[in-house]
Amino acid sequence: MNQEKNLKVWKLALLGFGNAGQAFAKMLLEHEEEIASNYSAKVIVTAIATGSRGNLVCSSGAAGANATDAAGIDLRRALADVESPAGKFTDETVLTSMTTMEIVEQADYDILVEMTPLNIRTGQPAIDHICGAFRRGKHAVTANKGPIAWAYRSLRDMAKEVGVRFYYETTVMDGTPVFNLAEHTLRLAKVTEVSGILNSTTNFILEELAAGAEYEDIMRRGREMGFIEADPAMDIEGYDAAAKITALLNVLMDADMTPDQVDRKGIEDITADDIQEAASRGKVIKLLCRGWRDADGTVHASVQPTEVDRSDMLASIDSTTSIVSITTDLMKKLSVVEHQPEIEQTAYGIFGDVLRVICE
């Protein structure tokens, strides 16, 4: 009891409570004691906004109300609710009619955790959510790549101006520490190129086609495994990969690009015959992302189906595995591989960013 009185309480507002949000909530519960012992902190959730399950805000969490309940929202009950047949929140003490933006602007929190669905075309409303938090002097963590792909520089500068933390490790390769790697271990190294295989759906489809599977069977199995969407066009046509390479270039090379500036071509026109013909020449087809800087400083980016030699490391990136390679002037080229991630990796990326805020 005495130890808990000495803990600093950090309040989170979760925008989104899908698979990643639920896995993150479980991680918070499972590691509550370690957070307390290692960081002298207690993390509570004071607001949850969802698209279909309802919204929750601690009764004392609205602006102008009394001090926030030290226990926050009952995460165990919230998790049980969404896992029930109805899938709706039931705790009348915290159910609210507040909209997501009203939660951003009025709820009592220290860190906004942005996990709403991606809008590949504009990055909204996630950008507005983060700006709303910054205007109130709140920190932000995003798992949504849209803000990093569409408005990174302005959000970064706004966070610096108001003196808050802004982290986004989960946006490209789940919890893989790509941005942390560059920031903390590549000091003074100038990034000159970024490349990789960043979309697991297309990688899986191409590999299965190469193995002789029928397209419809591939899509069915991918949906059953949970990583192919009902409408997979965003992946197949290269939009997701374009957003990811844009996010990487914006952070690592200060490109100030948007996804519509990427020379993009997906795998929608790749056939089993194309794959077999490439195989006859000792090659495999991969959807490769690449960004580079010209001599005049201009950054360019492409997403293209590309033939690579079977001896190339990229050819070994199988199933839902991803890879990103970073080339610098001082450290030359290094690569990071994420092997067949599950939702826990995404949750850990969010968890790690929240811990960064708490620690710093």
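Right above here is the structure, for reference.
A brief report on the enclosed structure follows. (Residues numbered from 1 in each chain as written. Predicted model: local features only at pLDDT ≥ 70, side-chain atom pairs only at ≥ 80, totals over all residues. Heavy atoms only, no water.)

In this section: the sheet that holds strand S1 (residues 8-15). Spatially, S4-S3-S2-S1-S5-S6-S7 is the arrangement adopted by the seven strands of the open sheet, whose pairing is mixed. A strand with exactly one partner marks an edge of an open sheet, and here the two such strands are strand S4 (95-96) and strand S7 (166-167). Sheet analysis places strand S6 (residues 139-142) next to S7, joined by two bridges and oriented parallel. Bridged to Ala140 within S7 is Phe166. Across the sheet, helix H6 (residues 126-135) touches S1, strand S5 (111-114), S6 and S7, and the angle it forms with S5 is around 175 degrees. Each of S1, strand S2 (41-49), S5, S6 and S7 touches helix H15 (residues 343-359); the most contacted strand, S6, lies at about 160 degrees to it. (Pairing = 2+ DSSP bridges. Helix = DSSP H or I, 4+ residues; strand = E, 2+ residues; numbered from the N terminus. Contact = heavy atoms within 4.5 Å. Axes fitted to C-alpha atoms, helices over the stretch in contact; angles between N-to-C directions.)

Bringing the nonpolar core into the picture now. Nonpolar side chains in soluble globular proteins tend to be buried together. Core analysis: the biggest nonpolar cluster contains 57 residues, and Phe134, Phe166, Val194, Ile245, Leu248, Leu249 and Leu252 have the highest contact counts within it. Here this core takes seven residues from helix H13 (residues 239-252), the largest share from any one element. Ignoring sequence-local partners within four residues, the contact set of Val194 consists of Ile245, Leu248, Leu249, Leu252, Met253, Cys289, Arg290, Gly291, Val324 and Ser325. Counting 36 residues, the second-largest nonpolar core is a separate cluster that includes Cys58, Leu79, Ile111 and Ile358. (Core = buried A, V, L, I, M, F, W, Y, C linked by side-chain atoms within 4.5 Å. Buried < 20%, exposed > 50% of the residue type's maximum accessible area, 1.4 Å probe, protein only.)

Here we take up the pattern of salt bridges. In this structure the tally under the stated criterion is 22 salt bridges. The partner of Glu83 in a salt bridge is Lys26, with the nearest N and O atoms 3.2 Å apart. Pair noted here: Glu83 is in helix H4 (residues 75-83) and Lys26 is in helix H2 (residues 19-30), with a separation of 57 residues, a long-range link. Given the relative accessible area of 34%, Lys26 is considered partly exposed. In this structure, Arg220 engages Glu224 in a salt bridge whose closest nitrogen and oxygen atoms are separated by 3.3 Å. Here Glu224 and Arg220 lie together in helix H11 (residues 215-225), a separation of four residues that amounts to about one turn. Residue Arg220 is classed as partly exposed on the basis of its relative accessible area, which comes to 41%. A single network of salt bridges, built from pairs that share partners, joins Arg153, Arg156, Asp157, Asp254 and Asp256. (Salt bridge = Lys/Arg side-chain N within 4 Å of Asp/Glu carboxyl O.)

Scanning the entire structure with this criterion turns up six aromatic pairs. Between the aromatic rings of Tyr168 and Phe179, the centroid separation amounts to 5.3 Å while the plane-to-plane angle is 75 degrees, which identifies the pairing as edge-to-face. Taken as a pair, Tyr168 in the loop between S7 and helix H8 (170-173) and Phe179 in helix H9 (residues 178-185) lie far apart in primary sequence, eleven residues in all. Residue Tyr168 is classed as buried on the basis of its relative accessible area of 12%. Look at Phe179 and you get buried, because its relative accessible area is 6%. Consider the rings of Tyr348 and Phe351, whose centres lie 6.2 Å apart with planes at 45 degrees: the pair is tilted. Highlighted residues: Tyr348 and Phe351, both in helix H15, separated by three residues, approximately one helical turn. Classification of Tyr348 by relative accessible area gives partly exposed; the value is 45%. (Phe/Tyr/Trp six-rings, centres within 6.5 Å; stacked < 30°, edge-to-face > 60°.)

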